[in-house]
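Remarks on the overall topology
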Amino acid sequence: MSAARDRILARVRSAATDAHPSADREVQVASRLAKPPSGPAPHQASSRGSARVTQFMNKLGAVEATISRVPDLSRLPASLAHELRNRNLPAAIRTGTDPMFKGLDWGAIEPSVGPGRMEEPATLSRAEFGLAELGTLVLASGPENPVTLTFLGETHFVVLREADIRAGFEDFWASWRERGLDPRTINMVTGPSRSADIGQTLQLGAHGPVALHVFLLGGGNG
Amino acid sequence: MSLHEPTTPAFKANARRALDDENLQLALRGGRNGFVSKRAAARDKLPEFDDLRDQARDIKNHVLANLDLYLEEYEKKVVESGGHVHWAETAEDARNIVLDICRKADAKIVNKGKTMISEECGINDFLADNGIKPVETDLGEYIIQLRGEVPSHIIAPAIHVTVDQVRADFRKAHTHLPEDRDLTELISLQREARGVLREKYFEAEVGITGANMLIAETGHSVIVTNEGNGDLSQSLPRVHIVMASLEKIVPTLDDASTILRVLARSATGQETAVYNTCSKGPRRAEDPDGPEEYHVILLDNGRSNMLGTEFEEMLRCIRCGACMNHCPVYQSVGGHAYGWVYPGPMGAVLTPSLIGVEQGGQLPNASTFCGRCAEVCPMRIPLPKMMRSWRAREFEKRLTPSAVRQGLGLWAWFAKRPWVYRRATAVGAAALRAMSGSKGRIASLPLAGGWTGQRDFPAPQGGTFMAQWKAGKR
């Protein structure tokens, strides 16, 4: 298809250069790619400190996700067990190989590791970041957190360190690049799946999770 | 290809039928105000919304002025991540590329996330004709696939279907389920579709999705969804095909975020969609899931010819649907009346560009020129201005019906002779006033049956504008 490629690009190039003549297009494009200009960010993407955590929790609540705070990592299994019991879910959890979960004493919960399967009552992932601006969780795919766990779990549990909450897209992408992350997929998740395609009435649990629960890990531990 | 043949030239007849369709009118009434009020609430909650619209517009203008360079950069990044880029000049090229990939993958079932580009290319019919079963996985798309229909809205494809119709369709299609099951509640319908489609995700060899954006900086394709079906369709099958048109490019992840900030708010009134997913390339050696092959089909299909013309700004469109949600014509007749893939004001501008003014020239006439579409467009696309340009072209090409041409000619004769025009309007206004009697309304008017068939014609009140001006009422 290289002939089609060349013809399309030639048409685009001649239209672009005729309508927008500029001597240094290549330089402009290269410099913009290297250093994207930042426009005025909305105020709601600028929270700090404890207000940021509060905003994040409120935004998540507004999109029908639930949230519980876990003071340190060693308490995660107990918190998970509590949630599984309360939701009448089997005492089992599917995770990836995230180092955070290694060496945890899961107690009565039966852990299994791997990608999502057709029936997946409860899955657990770790989010790299949270965005207070929208109540969004950002997950990076890979063996640590398989992407299918995010979409096949009937109930999806996500652990997020409080210290990983960013105010909005601006500081989030800066941190993302700083961490040198380059996964195959970046999954921004804001609430459980939903659809209004039947009767224009919004209902939770379309094809992805019916419920989303976040464990917010305090103290920067873990 | 029957579903795909445009019926755009029959817009008037289509609209007439739509107005008389009780089920359709019931469904349209149900959806009418939801989108409008939710968007307004989302806008009110974000003081910087209009600044963000300016930013989004500027990003796309910059991209369009440098589209060749960004396309090359994007292609380079996709290839670096192990993906394949295919260039399609026409819908037919795109169909053949899809079929070729499916055949190489020995595909029997192809799962589809919601993609308007696939609708534009008529992929479903084409695959079915070639012995491959396409399965729509977006709930709305799934419903209309069961009904043998095409989408009537770009983000709510089944907005024209009533709940009772969905119930009947599910009973007819899901015969493997108990006949006496309870489908009273809406949620039971949604759960049923969820169960049926969950199995399909694991059966398909190929998954096709669209892309809301393509990021030049990284080579990511971005999908924006609420249901999670797009993500399952692109994560589980062995092969993932992304179908996207050329202008979907944005330079960087940061630019994508700006677009995301206006997209969901304009579309459904959500601050963000539930899932904004960026993906690139096939699964890596260490990955436990994801497709083994990743293909992107870049579709031109007439778009490169819009660059540098009065219709270039249409290429900023991010397919949020706000223009149709706010359009009085769309609200009255729904999407199918427009007769092709893209309905509403954006469709009225885009369709003649893609399938020719001879086929699509009727659509720019489907406007009251109230201007609400341009008012709400997150990308600030001057839709009414472009519809006017199409009307002018239609007139120049002598495609306008002779009665309209003669009427316009007659009006032009008067308009060029102001004195005659003023006398004629004064006489006309007085005559209409006399016809209306004391009611101020006229129930039936010669030569204006198209108007009075649906509603009364308001009689002019007071003198003409020029008479009032002269009298000093300024």
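Reading the values: rules and limits
Residues numbered from 1 in each chain as written. Chains lettered and ligands numbered in written order. Predicted model: local features only at pLDDT ≥ 70, side-chain atom pairs only at ≥ 80, totals over all residues. Helix = DSSP H or I, 4+ residues; strand = E, 2+ residues; numbered from the N terminus. Buried ≥ 20, exposed ≤ 12 C-beta atoms within 10 Å, placed from the backbone. Contact = placed C-beta atoms within 7 Å. Rg over C-alpha atoms; globule rule 2.2 N^0.38 Å. Nonpolar A, V, L, I, M, F, W, Y, C, P; charged D, E, K, R; others polar. Pairing = 2+ DSSP bridges. Domains from an automatic or database assignment. Core = buried A, V, L, I, M, F, W, Y, C linked by C-beta atoms within 7 Å. Axes fitted to C-alpha atoms, helices over the stretch in contact; angles between N-to-C directions. Expected span 1.5 Å × (residues − 1). Parallel < 35°, antiparallel > 145°, perpendicular 65-115°, else oblique. Left-handed = near helix turned anticlockwise from the far one by under 90°.

When you go through chain A residue by residue, the secondary structure sums to six helices and twelve strands. When each of the 222 residues of chain A is scored for burial, the buried share is 46%. Considering only contacts within chain A whose residues lie at least 6 apart along the sequence, 75% involve residues at least 24 apart.

The next subject is the overall build of chain B. Assigned secondary structure in chain B consists of 22 helices and twelve strands. Computed over the C-alpha atoms, the radius of gyration of chain B is 25 Å, within 12% of the 23 Å expected from 2.2 N^0.38 for a compact globule of 474 residues. With the C-alpha coordinates aligned to their principal axes, the bounding extent of chain B is approximately 85 × 60 × 45 Å. A buried classification covers 51% of the 474 residues belonging to chain B. Of the contacts made within chain B by residues no fewer than 6 positions apart, 74% connect residues no fewer than 24 positions apart.

Interfaces are frequently sized by the accessible area removed from exposure as the parts join. Residue-level contacts link 77 residues of chain B with 60 residues of chain A. For the side of chain B that touches chain A, a count of residues per class yields 32 nonpolar, 24 polar and 21 charged. As defined by bridge partners, strand E9 (residues 185–189) of chain A adjoins strand E9 (residues 275–279) of chain B across five bridges and the pair is classed as antiparallel. For Ile186(A), the partnering residue across the bridge sits in E9(B) and is Cys278(B).

Turning our eyes to something else, we now look at the domain arrangement of chain B. Assigned domains of chain B: these are domain 1 (2–8 + 46–299) and domain 2 (417–470). Each of domain 1 of chain B and domain 2 of chain B has a C-alpha centre, and these two points are 51 Å apart.

Let's shift gears to the nonpolar core. Core analysis: the biggest nonpolar cluster contains 177 residues, and Leu67(B), Val206(B) and Ile297(B) have the highest contact counts within it. Dropping the residues within four chain positions of it, Ile297(B) is found in contact with His86(B), Ala88(B), Ala94(B), Ile97(B), Val98(B), Ile241(B), Val242(B) and Met243(B).

Our focus in this paragraph is the sheet that holds strand E8 (residues 249–250) of chain B. The strand order E8(A)-E5(A)-E6(A)-E9(A)-E9(B)-E6(B)-E5(B)-E8(B) describes an open sheet built from eight strands, whose pairing is mixed. Only two strands of the sheet have a single partner each, and these edge strands are strand E8 (165–166) of chain A together with E8 of chain B. Both strand E5 (residues 129–131) of chain A and strand E6 (residues 136–140) of chain A contribute to a ladder of three bridges, which runs antiparallel. Paired with Phe129(A) across the strands is Val138(A), a residue of E6(A). In this fold helix H12 (residues 253–267) of chain B packs onto strand E5 (213–215), strand E6 (220–225), E8 and E9 of chain B, with an angle of close to 165° to the strand it touches most, E5(B).

For helix H19 (residues 402–415) of chain B, with 14 residues, the first-to-last C-alpha span of 19 Å sits near the 20 Å given by 1.5 Å per residue. Counting buried residues along H19(B), only zero of its 14 residues qualify, which leaves the element largely exposed.

So, on to the packing of helix H8 (residues 139–147) of chain B against helix H9 (residues 163–173) of chain B. Residues and elements named next belong to chain B. The N-to-C vectors of H8 and H9 enclose an angle of 65°; their axes lie 10 Å apart at closest approach. In terms of orientation, H8 lies roughly perpendicular with respect to H9. Once H8 is placed against H9, the crossing between them reads as left-handed. The segment H8 lies against H9, with Ile143, Leu146 and Arg147 engaging Val166, Asp169 and Ala173.

Another point: the pairing of strand E12 (residues 211–217) of chain A. Residue and element names in this part refer to chain A. The element E12 is extensively covered by neighbouring structure, given that seven of its seven residues are classed as buried. Side chains Ala211, His213, Phe215 and Leu217 of E12 all project onto a buried face; the interleaved residues Leu212, Val214 and Leu216 project onto the opposite face, where all are buried too. Where strand E1 (residues 66–70) meets E12, five bridges bridge the pair, whose relative direction is parallel. Directly across from Ile67, in E12, lies its bridge partner Val214.

Let us look at the packing of helix H3 (residues 49–65) of chain B against H12(B). The axes of two packed helices give the description: the angle between them and the distance between them. Residue and element names in this part refer to chain B. Contact pair H3 / H12: the axes reach a minimum separation of 9 Å and the direction vectors enclose 125°. Judged on the interaxial angle alone, H12 and H3 are oblique. Viewed along their axes, H3 and H12 form a crossing whose handedness is left-handed. Facing H3, whose interface residues are Phe49, Leu52, Arg53, Gln55, Ala56 and Ile59, H12 presents Asp255, Thr258, Ile259, Arg261, Val262 and Arg265.

Residues and elements named next belong to chain B. Read from one edge to the other, the open sheet built from six strands follows the order E1-E10-E7-E4-E2-E3, with strand pairing classed as parallel. Whereas interior strands pair on both sides, the edge strands pair on one side only; in this sheet they are strand E1 (84–88) and strand E3 (133–136). Along the sheet, successive strands turn relative to each other by an average axial angle of 25°, direction set aside. Helix H5 (residues 91–104) contacts E1, strand E2 (109–112), strand E4 (206–209), strand E7 (239–245) and strand E10 (293–299) of the sheet and is inclined by roughly 170° relative to E10.

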